[in-house]
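# A structural walkthrough
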Amino acid sequence: MDDWKEIFARLDPKDGAEDGRICKVTFLEWIDTLNFQDTVMLEVSQGISREKIRWLIEAADTDENKYIDREEFLALVDKHSRELEKIQRNNLLKYMRVAAYADEYRWWPPPFFIILLTLVQITIYIYHCVYFTELGVPITWTGPSPFCSVLIYNPQKRQQFWRFFTYSFVHSGVEHILVNIVLQLLVGLALEMSNSWWRVGLVYVLGVIAGSLATSVINPGTFLAGASGGVYAIACAHLAAILLNWKEDSLILRQRMRNKKVSSPTFGKVVRVGRVLVVGGILCVDAVTAISSSLSGEVNTTSYTAHVAGVAMGMLVGVVMLKNRRVQFWEQWLRAACCVLAGTFILVMIVVNIFMEGIFLPMSEEDPACSQYAG
């Protein structure tokens, strides 16, 4: 019975109002969605129809006010224990638990972090376009690169520490910013709609910083521009979220457009497969491009080091920072290990940048010509 009390407490706010009762219509939609995905075999093997499950829930509303309060919910379990045994009580409990811990996608309030970040990047790119136009430098699909910008990562100005992050606001050419913005919106909006903005923001920022720190050590003479480190971090954070909430992601609750307080159920397993395919597709395209460029000897200015660092940081920090709706014992150890690994990587990279001057280019006060093009 304690399990059912816990489940009711978590289900209560998911219909849009934490008022000690659950909207019956919304509740039936959740269970129907789970039934459709997961109980076809149950119907066949037990001879119990989905309509029978709906009848049990309908019957729980004894005062017929279209809501199921805590007493009615617990009475359902007690009064119909025999019927619940027929349909495998543990399975029905599983569906209730899945609904209680279901992922929630909310469009209001809007995902401010990703939207604001995108607007800032577009604004800075437009500023650089205007600047280059005034210099008589044409804007092309692949360039030019604003090497003289105070935001770009310049390997000879590592003492200007802000560059390790602000390079993510700078882009080289129309293709560069279009690809980054599209991918950023594709993976970032969905993640922020199901997590707090600060969680996604921290994953993004650490992915960006990890990308520049790794590049500064592994490719010490390389300029760095673009948001790829952060984009790949939030892309792979999706995989971390899926790993932590595998069982709970069978159902997803979406905030309705007309009634912001009510959640509409979505087939979670379909969404989960879609997320994996999108992230996997992004990584595969990147890997194929990198291998192809390497084998053909083609000049490629893409910093795959920053991409790999972003991927690693997204997985590690994603496990630590993103919502884990039902924490298992092994997940606590996994989060601790990921926290140690991510912290150690950042710390080691910072120490190398500060104390191992011999591997880097000498510092310079001069700015390179802004009219240079990326290769």
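Read on for a plain summary of the structure. These numbers were taken from a predicted model, which means no experiment stands behind them.

Taken as a whole and judged by the stated rule, the model has seven aromatic pairs. Aromatic side chains Phe113 and Tyr204 sit 5.8 Å apart centroid to centroid with 75° between the ring planes, which places their arrangement in the edge-to-face category. Of the two residues, Phe113 sits in helix H8 (residues 112-135) while Tyr204 sits in helix H11 (residues 197-218), which places them 91 residues apart along the sequence. With respect to burial, Phe113 and Tyr204 carry one shared label: buried. Where Phe329 meets Trp333, the ring centres are 6.5 Å apart and the plane angle is 70°; that geometry is what we call edge-to-face. Of this pair, Phe329 and Trp333 both sit in helix H15 (residues 329-355), four residues apart, which is roughly one turn of the helix. Given a relative accessible area of 59%, Trp333 falls into the exposed group. In this arrangement the basic side chain of Arg21 is found over the ring face of Tyr67, its NZ or CZ atom lying 3.8 Å from the centre.

To continue, consider the environment of Gly280. Checked against the element boundaries, Gly280 lands in helix H13 (residues 268-296). For the pair Gly280 and Cys236, spaced 44 residues apart in the sequence, the C-alpha separation amounts to 9.0 Å.

All chains considered together, the criterion is met by two salt bridges. Put simply, Arg21 and Asp19 hold a salt bridge, and the shortest N to O gap is 3.3 Å. Taking relative accessible area as the criterion, Arg21 reaches 31% and is therefore assigned partly exposed. Note that Arg158 and Glu357 form a salt bridge whose closest N and O atoms lie 3.0 Å from each other. With Arg158 in the loop between H8 and helix H9 (163-166) and Glu357 in the segment after H15, this pair connects stretches of sequence that are 199 residues apart. Its relative accessible area of 6% is what places Arg158 among the buried residues. Using a relative accessible area of 40% as the deciding quantity, one classes Glu357 as partly exposed.

Here helix H12 (residues 228-244) spans 24 Å end to end across 17 residues, near enough to the 24 Å set by a 1.5 Å rise per residue. Taking burial as the measure, the 17 residues of H12 include 15 buried ones, the bulk of the element.

Attention shifts here to the packing of helix H14 (residues 304-321) against H15. For the pair H14 and H15, the least separation of the axes is 8 Å and the interaxial angle reads 135°. Here H14 is positioned oblique relative to H15, judged by the angle of their axes. The hand of the H14/H15 crossing is left-handed. The segment H14 lies against H15, with Met313, Leu316, Val317, Val319 and Val320 engaging Leu334, Arg335, Cys338, Cys339, Leu341, Ala342, Phe345 and Ile346. Per-class residue counts for the contact of H14 with H15 are twelve nonpolar, no polar and one charged.

So, about a nonpolar patch on the surface. Together, Leu347, Ile350, Val351, Ile354, Phe355, Met356 and Ile359 give the surface a local cluster of nonpolar side chains, amounting to about 660 Å² of exposed area. Relative to the helices and strands, Ile350 is located in helix H15.

Each value, and the rule that gives it
- Residues numbered from 1 in each chain as written.
- Predicted model: local features only at pLDDT ≥ 70, side-chain atom pairs only at ≥ 80, totals over all residues.
- Heavy atoms only, no water.
- Phe/Tyr/Trp six-rings, centres within 6.5 Å; stacked < 30°, edge-to-face > 60°.
- Helix = DSSP H or I, 4+ residues; strand = E, 2+ residues; numbered from the N terminus.
- Buried < 20%, exposed > 50% of the residue type's maximum accessible area, 1.4 Å probe, protein only.
- Lys NZ or Arg CZ within 6 Å of the ring centre and 35° of its normal.
- Salt bridge = Lys/Arg side-chain N within 4 Å of Asp/Glu carboxyl O.
- Expected span 1.5 Å × (residues − 1).
- Axes fitted to C-alpha atoms, helices over the stretch in contact; angles between N-to-C directions.
- Parallel < 35°, antiparallel > 145°, perpendicular 65-115°, else oblique.
- Left-handed = near helix turned anticlockwise from the far one by under 90°.
- Contact = heavy atoms within 4.5 Å.
- Nonpolar A, V, L, I, M, F, W, Y, C, P; charged D, E, K, R; others polar.
- Patch = residues over 30% accessible without salt bridge, like charges linked within 9 Å, V, L, I, M, F, W, Y side chains within 5 Å.
- Areas by Shrake-Rupley, 256 points an atom, 1.4 Å probe, with all protein chains shown as cover.

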